[in-house]
Amino acid sequence: MKNLDLTNCDKEQIHLISSVQGHGALVAVTPLDMKIRHISENFLSFIERSEDSHLFVGSKLSEILPHDLVVKLQSKIRSLPVQSPPVSLTWGSFDIYLYMLKENLFAIEFENLGAVREDFDSQSVMQSYLTNMSKAKSVKELSFISCKTIRELTGFDRVMLYRFWAPSWDGEVTAEDKNVGAHSFMGHRFPASDIPKPARDLYLKNQVRQICDSHERSYLIYPQKTDEKEALDFSNSRLRAVSLVHLEYLKNMKVRGSFSVAVKVEGALWALIACHSEQPKQVPHSIRALCDTVANCLALSAPAMENALGKNNEIQFYERMLSIFSHLKNSSAPQDELFRMSDEVNNLFHSHGFALVKDNVVSSIGITPQIADIKSVAAWTLDQMNESGDPLFVSNSLGRIDQKWEYLKDHISGIAAVRLSGYDNAVLMFFRPEVLQTIQWGGDPRKNLDARQYQGVINPRTSFETWSEVIRYTSAPWEDHEIKGVVQFKELIFDSLIQTQNLISELGQKFKKN
């Protein structure tokens, strides 16, 4: 095998796939003369004509479509501003989608509108969704309500909220609604290579991605390249055919119908609402629009709730820090009193112990290692600070950064350390012990690196049975406000209070001598 690794997933140029899925058809025209420059091989059959589509390359669009529709399309294209996002319109039983492929070349995609069953009251479903969202008390509840609503709207076997975790971009199913017979992936993680960067980037351009039938053939677009021999960029396409790797991935999951809606927050991909069905399924245009609305409501509500919860935790954190400061400032020996208040300090930082190393003297309390080990960790931490130029060092996996610290896992798997001002080698350190974590993966994340028929692109996993991984030498993560709080605690308690008290004490000693 040569040059096969998981990063190959991030190199696949899926936006250049010059084929369309079978539930629609594509034609590309120059807007000035409305001549056909590219056409999918199924276009004529899609509009119920028997001729070969590629024979019409170079012909007027009006030779295959009604004149009044061509006039409408040309008028719409000419009215679009430069760099306009794609636009939709309807004509008869067709949903038509227009977007710019390149300068002076526009793609026109046709899909059947699809029929919504007559007894389905989508307005009632959406009203119920908005009511339930307004009552939700947690992000988990918001996510479940969204999955349940989209399953009601679409009828898929399983609907999952697939949350992305930066910086690894692994995904985790944090909410799910499914029928009785569907396999559950609730609580399972999937490696970033399952939805690689090119696919994630395309979701930022196209919020909805539909694969009606993973077993259905795709249709080539003629010609495959422009007159300048350039590949066509179908980043904005809704019909773009599916990567062979992803098709096999779906087949391995026993999924024929797939539908995904991106949840975007501040221009980044926060989550996907992923829908799966064992049978082919096409979502009507009107229902897709409602699913967009559900995802957009979640994109507004969930991060706002997370931010509010985080802000509340931050406010409580600083209130407790100020309470400690208020107590210490009334003490004649604030450093000694700080260690007597170790329970309050450890509760503030969710640490199990802390240590102060100054002038090669160690003061420690709580669950901490031996004095010699504390000195070694302090020296190593100061080296990291010197190398980075940052007076702060934080990690929740000390033993994973450097294996020589693995033996300290019961005392120091997590560390938040800050250099003290006014000293060459003084550091304050907060410690957290190891917390064993078991991750349930949706199949072994280590993919098969056999190249097979994919010309060097790795194969998708063939099994999605639960695969457990135990994470060692890792503590509970440090929250952002705790990391900032370590510096502010140092500034408030040590730089301000203790140094002032030390200065007063030194001056007092001088006056006594005089």
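The structure presented is a predicted model; accordingly, all values stated were derived computationally and were not measured. (Residues numbered from 1 in each chain as written. Predicted model: local features only at pLDDT ≥ 70, side-chain atom pairs only at ≥ 80, totals over all residues. Heavy atoms only, no water.)

(A) Quick look at the overall build of the protein chain. Secondary structure assignment for the protein chain yields twelve helices and 20 strands. Relative to its full complement of 514 residues, the protein chain shows a buried share of 48%. If you take every contact in the protein chain between residues at least 6 apart in sequence, the share linking residues at least 24 apart comes to 66%. As presented, the protein chain carries roughly 25400 Å² of accessible surface, and 50% of it is formed by carbon and sulfur atoms. (Helix = DSSP H or I, 4+ residues; strand = E, 2+ residues; numbered from the N terminus. Buried < 20%, exposed > 50% of the residue type's maximum accessible area, 1.4 Å probe, protein only. Contact = heavy atoms within 4.5 Å. Areas by Shrake-Rupley, 256 points an atom, 1.4 Å probe, with all protein chains shown as cover.)

(B) Looking closely at the side chain of Asp157. Locating Asp157 in the fold gives a position in the loop between helix 4 (139–154) and strand 7 (158–165). In contact with Asp157, other than residues within four places in its own chain, are Arg151, Asp177, Lys178, Asn179, Ala182, His276, Ser277 and Glu278.

(C) Geometry of unusual backbone geometry. In the segment running from Ala166 into Pro167, the intervening peptide bond is cis, with an omega of 5°. One can find Pro167 in the loop between strand 7 and strand 8 (170–178). Pro223 follows Tyr222 through a cis peptide bond whose omega is -20°. You can see Pro223 is positioned in the loop between strand 11 (219–222) and helix 6 (244–252). Positive phi values are uncommon outside glycine, yet Lys254 reaches one of about 60°. Topologically, Lys254 is positioned in the loop between helix 6 and strand 12 (257–265). Classification of Lys254 as exposed rests on a relative accessible area of 60%. For Tyr473, which is not glycine, the phi dihedral falls at a positive 60°. You can see Tyr473 is positioned in the loop between strand 20 (466–471) and helix 12 (480–513).

(D) Highlighting the sheet that holds strand 6 (residues 105–112). Overall, antiparallel pairing links the seven strands, which are arranged 1-11-3-2-6-5-4 in an open sheet. Only two strands of the sheet have a single partner each, and these edge strands are strand 1 (19–20) and strand 4 (87–91). Pairing of strand 3 (residues 35–40) with strand 11 involves two bridges; the strand directions are antiparallel. Across the sheet, the residue bridging to Ser40 is Ile221, located in strand 11. Contacts between helix 2 (residues 67–79) and the sheet are confined to strand 2 (24–30), strand 4, strand 5 (94–102) and strand 6, with strand 4 contributing the most and set at about 165° to the helix. (Pairing = 2+ DSSP bridges. Axes fitted to C-alpha atoms, helices over the stretch in contact; angles between N-to-C directions.)

(E) Structural view of the pairing of strand 3. Pairing geometry for strand 2 and strand 3, over four bridges, is antiparallel. Paired with Ala28 across the bridge in strand 3 is His38.

(F) Spatial organisation of the layout of surface pockets. Taken as a whole, the largest pocket encloses approximately 1400 Å³ of empty space. What lines the largest pocket is a set of 39 residues, and nearest its centre among them are Trp165, Ala166, Pro477, Trp478 and Glu479. Those elements that provide at least two residues to the lining of the largest pocket are strand 7, strand 13 (268–277), helix 7 (285–328), strand 19 (437–442), strand 20 and helix 12. The biggest single contributor to the lining of the largest pocket is helix 7, with eight residues. For the lining of the largest pocket, a count of residues per class yields 18 nonpolar, ten polar and eleven charged. (1 Å grid on protein atoms, 1.4 Å probe; cavity = no way out; pocket = protein on both sides within 12 Å on 5 of 7 lines; lining within 4 Å. Points joined across faces, edges and corners; volume = space filled by probe spheres on them. Nonpolar A, V, L, I, M, F, W, Y, C, P; charged D, E, K, R; others polar.)

(G) Spotlight on the environment of Gly353. Along the chain, Gly353 falls in strand 14 (residues 353–358). On the basis of relative accessibility, which here comes to 0%, the residue Gly353 falls in the buried class. C-alpha of Gly353 to C-alpha of Ser364: the two residues are eleven residues apart in sequence and 7.4 Å apart in space. Leave out the neighbours within four places in its chain, and Gly353 touches Asn346, Ile365, Gly366, Ile367, Thr368, Met429, Phe430 and Phe431.

(H) Representation of the packing of aromatic side chains within the structure. Applying the stated criterion across every chain yields a total of 18 aromatic pairs. Judged by centre distance (5.6 Å) and plane angle (65°), the ring pair of Phe185 and Phe190 falls under edge-to-face. Each of the two residues, Phe185 as well as Phe190, counts as buried. Aromatic rings pair up to connect Phe317, Tyr318, Phe339, Phe349, Phe354, Phe430 and Phe489 into one cluster. Just above the ring of Trp478 sits the side chain of Arg432; from NZ or CZ to the centre is 3.6 Å. Over the face of the ring belonging to Tyr473 we find Arg472, whose NZ or CZ atom lies 5.3 Å from the ring centre. (Phe/Tyr/Trp six-rings, centres within 6.5 Å; stacked < 30°, edge-to-face > 60°. Lys NZ or Arg CZ within 6 Å of the ring centre and 35° of its normal.)

(I) Here's a closer look at the nonpolar core. Grouped together as the largest cluster of nonpolar side chains are 35 residues, with contacts concentrated most on Leu153, Trp270 and Leu298. Those elements giving two or more residues to this core turn out to be helix 3 (122–135), helix 4, strand 7, strand 12, strand 13 and helix 7. At nine residues, the largest contribution of residues to this core is made by helix 7. Not counting residues up to four positions away in its chain, the partners in contact with Trp270 are Val139, Leu161, Arg163, Phe164, Val263, Lys264, Val265, Leu298, Ala302, Pro303 and Glu306. Within the second largest apolar cluster, 27 residues are counted, among which are Ala25, Met34, Leu44 and Leu73. (Core = buried A, V, L, I, M, F, W, Y, C linked by side-chain atoms within 4.5 Å.)

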